[in-house]
Structures are given as C-alpha cells and as structure tokens.
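# A look at the structure
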Amino acid sequence: MNKQKIFNKIAKDIKEVKIQGARNIAKKALYAYSLIPTKNSYEKLFSLRPTEPMLVNVLNKMEKQSYKEILKHFDSAQDKINKYVFKLIKNNDVIFTHCHSTNVINALIYAKKKGKKFEIYNTETRPLYQGRKTTRELKKARIKVTQFIDSAAMIALTKKQGTKKVNKVFLGADALLKEGVINKVGSGMIAKIAYDSKILIYIIADSWKYTNKKVPREQRKLKEVWDKAPKNIKIRNPAFEFIPKKYIKGIISELGVFDYSEFLKKVKS
Ligand code: RUB
C-alpha cells in the first residue's frame, strides 16, 4: 500500500471508531502524519475526533521531535502508570470501570501479572459496546470480570441485588482540563453515583491528554443509537461527558498520583 492509501485507511478507521480510545487514536494519527506531514494531513487528522487533545498534542510535537522519539512516550508513560496503579490496588478490591481505556486495561493486566487479586465490574457502553471489548481483554488476562448494562450502574456501584461493595472506580480520559475530565458518555453519571456513595474515583491517563483549550464534545451518528428508527423521531448521541474535578480523588499519570490541583501544577510546569 502506498503512503496515501495507508493514511486514508487510518483516517477512515479513526472516523468510524474502528480505532478507538484516546491513546490508540493519537498513536495511529501520529503514524499517519509521519507518512505525510503536511498542513492538509494535520487538518484532516485533527477534524476526525474533536474530543481528543492527545491527538493534537502529538501532532504538534512533530515540529520539534522525531516520530520515533514521540512514539517512545506512549509505552514509557504506560510503564510508569502501571507501577503507580499496582501500588493503589489492594487484594480483594472490586474495581469499577467503563468503556474501553487502554491506559486502564494495561494497568489492570500488569497488576494481575504481578500477583494482585481483584475483580472488575464493567459497564457495556451503549451504543458501540466498547465495554464488551474491555471484558474480553480482561477475561483473556484471567481477570475476574462482571458485565453490567449501563443502566445498572447504580446497582453495580451501591451493593444492591447481590452486587459486592465497590472499592474504587478507574476511568480513562479523553481530555484532562483545568475544571475536570472528559471521558466516554456515562462517566459523569458513574462519577456522581460513586462520589455520593463515597467510592474513590481515579482517572488513569497519560498527561499528554491535558489541554488548556476548549474541547468540543463529539456527537456521533444517530444511526448508532437506533438504526432504521421511525421517521421524525428526535435522537441525540453524545459520545463524551464531563466529570467535574471535585468528584476525582486522584489522577494517575506518568507524572505520579496526584489530586487534581497538584496534577495541574505538575502538568503545567
Ligand atoms: C473511549 C474512551 C476512553 C478514553 C481513554 O471512547 O472514552 O475511556 O478514550 O482511552 P471511544 P485510552 O471508544 O469512543 O474512543 O486509555 O485508550 O486512551
């Protein structure tokens, strides 16, 4: 395949959410841009997923650093994150997560490999079911995981109808902002329930997801919600949601484990 074809394929897969999650999107977009580093490519890649500052941040870094140097960051940041998360997980923890975050999943798999015993509650994440992807990957890594429908989040989080006490919530992030975090739709609801139930919420995310710019929240195709819906029905499909920083106990990034204000100081320095 020639460079343009590869570029087009990556762009299409990002747009169609075949490549998903902030980290994977940024990594693939970086590769596509390294093939054709023009203003047009930049604008095209930038337009694909408006709620992804990591994508923009990595493309901007290409001004001063080589593709290979930037690429190294993804794994070295993940290695550090894994070690911080490992220390935080206690044996017999029940940890709740939502959607599919590579930063979260890799850290959980690392903890399991290093001998921690814990289990996961996970919500399926309508309409595209990225939660099922998470469940499959965790199961493959021999981590005990229970799948819930999104609307059972309250039951899963608050020890009802036979569910266990949840000790922690781990969520990924698409954008780390001054006022809080943007992540998959449902994250705001989950964070509010967890906060009200005094369950600690940690965001596990590479610090390159930080931006001081305004981040639009992507609305996705209505067909995802209801294919062949009756005519004249109004549908909305918000893909992302804001979590106010007051709900968040800590941000676990390659910079360390910090409360929100400390994280902001670190990331800006
Ligand atoms: C994925 C999602 C993930 C973040 C972080 O949404 O919200 O929690 O992107 O993921 P979508 P990662 O499937 O719509 O892209 O840790 O992989 O960067």
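What counts, and at which threshold
- Residues numbered from 1 in each chain as written.
- Predicted model: local features only at pLDDT ≥ 70, side-chain atom pairs only at ≥ 80, totals over all residues.
- Heavy atoms only, no water.
- Buried < 20%, exposed > 50% of the residue type's maximum accessible area, 1.4 Å probe, protein only.
- Helix = DSSP H or I, 4+ residues; strand = E, 2+ residues; numbered from the N terminus.
- Arc of directions from axis to C-beta.
- Contact = heavy atoms within 4.5 Å.
- Pairing = 2+ DSSP bridges.
- Domains from an automatic or database assignment.
- Buried area = accessible area lost by both parts, 1.4 Å probe.
- Salt bridge = Lys/Arg side-chain N within 4 Å of Asp/Glu carboxyl O.
- Polar contact = N/O pair within 3.5 Å; in protein donor to acceptor, adjacent residues only side chain to side chain.

What helix α3 (residues 39-48) keeps buried is the set Ser 41, Leu 45 and Leu 48. Projected onto a plane normal to the axis of α3, the buried residues spread over an arc of 55 degrees and lie on a single side. Set apart from the buried face of α3 by more than 90 degrees, the exposed residues are Lys 39 and Asn 40. If you follow the buried residues of α3, they end up packed against α1 (3-15), α2 (22-35) and α4 (53-61).

Here we take up unusual backbone geometry. The peptide bond linking Arg 126 to Pro 127 adopts the cis configuration, its omega dihedral lying at 0 degrees. Mapped onto the elements of the fold, Pro 127 is located in the loop between β2 (118-123) and α7 (130-140). Although it is not a glycine, Lys 159 sits at a positive phi angle of roughly 55 degrees. Along the chain, Lys 159 falls in the loop between α8 (153-157) and β4 (168-171).

Quick look at the environment of Lys 144 now. Relative to the elements of secondary structure, Lys 144 occurs in strand β3 (residues 144-148). Spatially, the C-alpha atoms of Lys 144 and Phe 118 are 7.4 Å apart, while their sequence positions differ by 26 residues. The contacts of Lys 144, once residues within four sequence positions are left out, are Phe 118, Glu 119, Ile 120 and Lys 164.

With that settled, consider the sheet that holds strand β6 (residues 180-184). Read across the sheet, three strands follow the order β5-β6-β8 without closing on themselves; strand pairing throughout is antiparallel. The sheet is open, and its two edges are formed by β5 (175-176) and β8 (240-244), each paired on a single side.

This next bit is on the domain arrangement of the chain. Along its sequence, the chain is organised into domain 1 (3-65) and domain 2 (77-268). Taking only C-alpha atoms, the centre of domain 1 and the centre of domain 2 are 23 Å apart. Tallying the contact residues gives 15 residues for domain 1 and 23 residues for domain 2. Taken together, both faces of the contact between domain 1 and domain 2 bury some 1600 Å²; the carbon and sulfur share is 56%. Considering only the side of domain 1, the residues that lose the most area to domain 2 are Gln 20, Arg 23 and Thr 51, jointly responsible for 35% of the buried surface there. Glu 218 is paired through a salt bridge with Arg 49; the nearest N and O atoms lie 3.1 Å apart. Viewed at the interface, domain 2 and domain 1 are joined by eight residue pairs in polar contact (both at pLDDT 80 or more). Listed by contribution, the elements that provide at least two residues to the side of domain 1 that touches domain 2 are α2 and α4. Counting residues per element, the side of domain 1 that touches domain 2 draws most heavily on α4, which supplies five residues.

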